[in-house]
Amino acid sequence: MTEMTPLAAVLRADGVGLGDGPAALAPASMILTLDGTLPVEHLYPGDKVITRHGARALVGLDRVTLAAGTPIVEVTRNALGGRPDRDVWLPASQRILIRDWRAKALYGQAQVCVPAGQLVDGDYVRLARLDRDVTCFALRFGRPEVLYADGLELASADPLRVTA
């Protein structure tokens, strides 16, 4: 499905990098819900998804087409502190909540939510590009949430609220 790409080739000349783009989940991502673990494409607005704040009703499920050449991150099974449950891929811009040694070592915090592209190590977390267009799914709750997909803690597609 993917073509491997050097990290430098993904960074744009204007300095904008791997954190830009949609927060979306690949087809067949397994989402933790009150009805059990379901593939993302089987969800509908109103379904109760398990988040770090408890069960939340899904407000929107947008289909997002990622074009061929879009940077993605391939995460091997157990690469992030015993997670994910299986090999998965995410758009490089999809934010992941990390709460292991990486959070402290890389960001000086006990936990941090970062774009998947920032976790690339070349071995267990690899950067690639889509070799074809793929329709992904953006989950919205009406406020930022962290949901569980394939054992990973991922940020919803809701925009972050910035306070001055």
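Residues numbered from 1 in each chain as written. Predicted model: local features only at pLDDT ≥ 70, side-chain atom pairs only at ≥ 80, totals over all residues. Heavy atoms only, no water.

Details of the overall build of the chain
Filter applied, for reference: Under the scheme used here, helices are H or I runs from DSSP no shorter than 4 residues and strands are E runs no shorter than 2 residues, and both carry numbers assigned from the N terminus. Only protein chains enter the area calculation, which uses a 1.4 Å probe; residues under 20% of their type maximum are buried, those over 50% are exposed, and those in between are partly exposed. Here a residue-residue contact requires only that any non-hydrogen atoms of the pair lie within 4.5 Å. Only the protein chains shown count as cover for residues, and all accessible areas are computed by the Shrake-Rupley method using a 1.4 Å probe.
From N to C terminus, the chain includes 2 helices and 14 strands. Looking at the chain residue by residue over its 164 residues, the buried ones come to 41%. In the chain, 58% of the contacts between residues at least 6 apart in sequence involve partners at least 24 apart. Carbon together with sulfur atoms contributes 53% to the accessible area of the chain, which is approximately 8300 Å² in total.

Regarding the pairing of strand β5 (residues 54-57)
We count it as follows: When DSSP finds two or more bridges between a pair of strands, those strands are recorded as paired.
Sheet analysis places strand β4 (residues 48-51) next to β5, joined by 4 bridges and oriented antiparallel. What sits directly across from Val49, in β5, is Arg56. Joining the antiparallel neighbours β4 and β5 is a turn of 2 residues.

Some remarks on unusual backbone geometry
Note that the residue after Arg83, namely Pro84, is joined by a cis bond; omega there is 0°. With respect to the helices and strands, the residue Pro84 is situated in the loop between β7 (71-75) and β8 (88-91). For Asn78, which is not glycine, the phi dihedral falls at a positive 65°. Residue position: Asn78 is located in the loop between β7 and β8.

Points about the side chain of Arg95
Inclusion rule: The charged-residue count follows a simple rule in which Lys and Arg add positive charge and Asp and Glu add negative charge, with His and chain termini not counted at all. By definition here, a salt bridge exists when the distance from a side-chain nitrogen of Lys or Arg to a carboxyl oxygen of Asp or Glu is within 4 Å. What qualifies as a polar contact is a pair of N or O atoms within 3.5 Å, subject to a donor-acceptor requirement within protein and to the restriction that residues adjacent in sequence count only when both atoms come from side chains.
Positionally, Arg95 belongs in strand β9 (residues 95-98). Although Arg95 is buried, it forms no salt bridge, and the closest oppositely charged side chain is Asp158 at an N-O distance of 7.5 Å. Among the polar contacts listed, one links the side chain of Arg95 to the backbone oxygen of Ser156, at a separation of 3.1 Å. When near neighbours in sequence (up to four residues on either side) are disregarded, Arg95 contacts Cys113, Val114, Pro115, Glu153, Leu154, Ala155, Ser156, Asp158 and Leu160.

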